[in-house]
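# Topology and contacts: notes
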Amino acid sequence: MKKLFCVLFKKDIRMMLSGKFFFIAFGSLVIYTLFINFGYVNFMNDKLYNVYVYDPEGTRQEASGAAGKAGEVKAVASREELDAALSADTNGVGIDASLSTPKIVMYAGSEKVDRHRADYARSLLVLRSRYSAQPYPRSGSRHSARVVGTNTRELKQKKEMCCELLFIEIVAVGFLGIASVLFKEKQMGVIRVHAILPLKRSLFILAKLVVFLLSDLVFAALMTALNVGINGAGDILPAMLVQTGILSIIMALTGFGCAMLLPDFRQFSLAYLVIAVFASVPVFLSANTSVKMAWIDWHPFYQIYMGLKGACFGTPVIRPSYYILCACGIGLLFAAVWTAFRREMGKEG
Amino acid sequence: MIEVRNLTFSYGKDKEALKGLDFTVEDGEIFGFLGPNGSGKSTTQKILTGILRGHGGHVSLFGQEISKAHTADFFEKIGVLFEYPYLYANLSALDNLRYFSSFYPSGQLRDIGEILEKLEFKPDFLKKPVASYSKGMRQRVSMARTLISNPRLLFLDEPTSGLDPSGAVLFRRIIEEERKKGTTVFLTTHNMLDADLLCDRVAFITNGNIAALDMPKRLKEKNSSRCVRIAYLYQGSRREKTVETTELERGIFFPHDEVISIHSEEPTLEDMFIQYTGRGLS
């Protein structure tokens, strides 16, 4: 059994090598890492909107101390210059402080965003002693919040994005990887040859799962180490690998099942799109934005994504029910894949 | 070796593929299974090789009921050549054969080099990927995969398809050698020449039924007109005459100067197939 498993494992590695799977995974790893470290973090630190102030008396700028903070507010010399700046930068916010009551001037967008833009512009002009935009508010401030964990803002951003990209990689690329290998084998007809070999069918499925599982685990470990740092990764990696493993097995089985049930790669690409969208869009919307869908707690990928995120932030899932349900789901998927695999073997050449 | 009694199979409620087949295949026999597309021959072969389950009736191989025979031990004893050469196109012939042979006990394996040499495989291609091979070369590697485990029972589906005439002769010789070793061969084919030259017995299958089962020679004899056609020269002109074989017992009785040829009017196996099944082999 062990010998046969090794034979299948070796063959699958060769198939993945010839399909350039590892090359694609490595390329993804490099792109994700560059994006997180040089793109996302800088983007998140960037100011939200440009704020232009027309303040002939200079009182508002002195009060906020903004004059000393280059780039946060831009002073303009006249009302005409303010209008010209806003017409060139339609997302910007203008403050006309020439009147006794300062007036917000901007191009209208959606109501909620406009309110946010106006508040942001005002926040840059109020006295620092009355307003805090610091990450750790002073005690007694009206805006104080409890700080959870010891992550710096940058580390938090890196972990968040690392989690999202790891999830996308496994849901989209890993799923595609196993399906493309199987479609190749289907096309070559060799799956049918395995039907008449002295080999347990479950071993064929298992070998493929292990290859993709190991590949995903290595990817997760490298992704975490490169983006969170080796020291930080050491603490969270075991829990992250558990969640990655669960997601990887589920996606590999889904990819396997689709490859067996669908006749060709063209049909698969449609199913792939539906599954990838179903698995990621509602999950990201609910987990990362204020949009909350009533049914999202029943979405299996939402639970797994939150498990992955929890693991990444040092609060792994410890509910036994979660792991029991995952195990049951994997068991059911395996049985379905086994049946589909058997059916495929009996098809005409 | 193979015993089939009242074999039935349906792909759905109204898709009855096999309607009660009865036949046996003896040890060391080459048994031909002939039928047009959709007649049920692939379904029968899939049931016999353990790929399809859920059949009705009784099927036994190696003296054991097929439903209980789906074990590693069963698959170690059979070799199946599919109609198409199913191989890993990204691997070489050598790697394909190493891979497929690794599922069998090392004690029963044949030498890869020896078997490829027997199949006249071009050694230059040994380490090149199968994707670069011609159909004939792929068929040779496929045949090598089938024979490498030294099976006691061979299922061959269109073994000479894709081969040039010399390749077909080579394959027929190899199949004959296998039979001489005691291997039983279940041959599914459209090729009447293969069936005629190789098979001890043939079964004609059509619409899920066996229309006829006998030795090819006997099938032809049974339906022979017992006539011969003689081409001869007489008084400077070429003439032809069809006479009954009994008339020839005392020699050629009609006036002639020279006999050019004598053709038996015996039907071909294909004629027999059409006669029994009412369908051509397409």
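Residues numbered from 1 in each chain as written. Chains lettered and ligands numbered in written order. Predicted model: local features only at pLDDT ≥ 70, side-chain atom pairs only at ≥ 80, totals over all residues. Heavy atoms only, no water.

## Describing the nonpolar core
Formed by 121 residues in total, the largest nonpolar core has its most connected members in B:Ile2, B:Phe23 and B:Leu61. With 16 residues, the single largest contributor to this core is helix H6 (residues 153-188) of chain A. In contact with B:Leu61, other than residues within four places in its own chain, are B:Met1, B:Ile2, B:Leu48, B:Ile66, B:Phe74, B:Leu153 and B:Phe155. In this structure, B:Leu119, B:Leu147, B:Ile175 and B:Leu187 belong to the second largest nonpolar core, which totals 40 residues. (Core = buried A, V, L, I, M, F, W, Y, C linked by side-chain atoms within 4.5 Å. Buried < 20%, exposed > 50% of the residue type's maximum accessible area, 1.4 Å probe, protein only. Helix = DSSP H or I, 4+ residues; strand = E, 2+ residues; numbered from the N terminus. Contact = heavy atoms within 4.5 Å.)

## Section: the pattern of salt bridges
Inspection of every chain in the model, using the stated rule, returns 30 salt bridges over all chains. With a shortest N-O distance of 2.5 Å, B:Arg201 and B:Glu29 are connected by a salt bridge. Remark: B:Glu29 occurs in the loop between strand E2 (16-25) and strand E3 (30-34) and B:Arg201 occurs in strand E9 (residues 201-206); sequence separation between them is 172 residues. Neither B:Arg201 nor B:Glu29 differs from the other in exposure class; each is buried. Bridged by salt links that share partners, the residues A:Lys11, A:Asp12, A:Glu185 and A:Lys208 form one connected network. (Salt bridge = Lys/Arg side-chain N within 4 Å of Asp/Glu carboxyl O.)

## Some remarks on the packing of helix H1 (residues 2-18) of chain A against H6(A)
All names here are of chain A. Taken N-terminus to C-terminus, the directions of H1 and H6 make an angle of 100°; their axes are 10 Å apart at the nearest point. Overall, the two elements H1 and H6 adopt an arrangement that is roughly perpendicular. Touching Lys11, Asp12, Met15, Met16 and Ser18 of H1 are Val181, Lys184, Glu185 and Met188, all from H6. (Axes fitted to C-alpha atoms, helices over the stretch in contact; angles between N-to-C directions. Parallel < 35°, antiparallel > 145°, perpendicular 65-115°, else oblique.)

## Structural notes on the pairing of strand E1 (residues 51-54) of chain A
Successive side chains on a regular strand alternate, one facing one side of the sheet and the next facing the other. Residues and elements named next belong to chain A. Across the two faces of E1 the burial is the same, with Val51 and Val53 and Tyr52 and Tyr54 all buried. With four bridges joining them, E1 and strand E3 (residues 93-96) adopt parallel strand pairing. The residue bridging Val51 from the neighbouring strand is Val93, located in E3. Two elements, E1 and strand E2 (residues 73-76), share four bridges in a ladder whose sense is parallel. What sits directly across from Tyr54, in E2, is Val76. (Pairing = 2+ DSSP bridges.)

## With respect to the side chain of A:Lys11
Tracing the backbone shows A:Lys11 in helix H1. Given a relative accessible area of 4%, A:Lys11 falls into the buried group. Not counting residues within four places of it along the chain, the set of residues in contact with A:Lys11 comprises A:Glu185, A:Phe204, A:Lys208, B:Tyr88 and B:Tyr99.

## Regarding the interface of chain B and chain A
Listed by partner, the interface residues are 25 residues for chain B and 27 residues for chain A. Of the roughly 2400 Å² buried where chain B meets chain A, counting both sides, 65% is carbon and sulfur surface. On the chain B side of the interface with chain A, the three residues burying the most area are B:Tyr86, B:Tyr88 and B:Phe103, jointly 27% of the side's total. Scanning the region where chain B abuts chain A turns up one salt bridge. For the salt bridge of A:Arg14 with B:Asp95, the shortest nitrogen-to-oxygen distance reads 3.0 Å. Remark: the boundary between chain B and chain A carries six residue pairs in polar contact (both at pLDDT 80 or more). The set of elements that each furnish at least two residues to the side of chain B that touches chain A consists of helix H1 (41-48), helix H2 (72-77) and helix H3 (93-101) of chain B. The residue makeup of the side of chain B that touches chain A, split by class, is 15 nonpolar, five polar and five charged. (Buried area = accessible area lost by both parts, 1.4 Å probe. Polar contact = N/O pair within 3.5 Å; in protein donor to acceptor, adjacent residues only side chain to side chain. Nonpolar A, V, L, I, M, F, W, Y, C, P; charged D, E, K, R; others polar.)

## Section: the sheet that holds strand E1 (residues 2-10) of chain B
Residues and elements named next belong to chain B. Ordered by their spatial adjacency, four strands build an open sheet running E2-E1-E4-E5, and the pairing between neighbours is antiparallel. On the outer flanks of this sheet lie E2 and strand E5 (64-65), each paired with one strand and no other. As defined by bridge partners, strand E4 (residues 56-61) adjoins E5 across two bridges and the pair is classed as antiparallel. Within E5, the position partnered with Leu61 by the bridge is Gln64. Here H1 sits on the sheet in contact with E1, E2 and E4, set at roughly 60° to E2.

## Notes on the packing of aromatic side chains
Summed over the entire model, instances satisfying the criterion amount to 40 aromatic pairs over all chains. An angle of 45° between the planes, with centres 5.4 Å apart, marks the rings of B:Phe23 and B:Phe33 as tilted. Taken together, the residues B:Phe23 in strand E2 and B:Phe33 in strand E3 connect sequence positions ten residues apart. Overall, the relative accessible area of 2% leaves B:Phe23 in the buried class. The exposure class assigned to B:Phe33 is buried, which follows from its relative accessible area of 0%. An aromatic cluster is present here, built from A:Phe175, A:Phe183, A:Phe265, A:Phe268 and A:Tyr272 joined pairwise through their rings. Its end group placed over the ring of B:Phe100, B:Arg145 keeps NZ or CZ at 5.8 Å from the ring centre. (Phe/Tyr/Trp six-rings, centres within 6.5 Å; stacked < 30°, edge-to-face > 60°. Lys NZ or Arg CZ within 6 Å of the ring centre and 35° of its normal.)

## Considering the packing of H3(B) against helix H5 (residues 135-147) of chain B
Residues and elements named next belong to chain B. Look at H3 against H5: their axes get within 10 Å of each other, and the N-to-C directions meet at 25°. On the basis of their axis angle, the class for H3 and H5 is roughly parallel. Judged by the sense of rotation from one axis to the other, the crossing of H3 with H5 is right-handed. Contacts between H3 and H5 involve Ala93, Leu97 and Phe100 from the first element and Val141, Ala144 and Arg145 from the second. (Left-handed = near helix turned anticlockwise from the far one by under 90°.)

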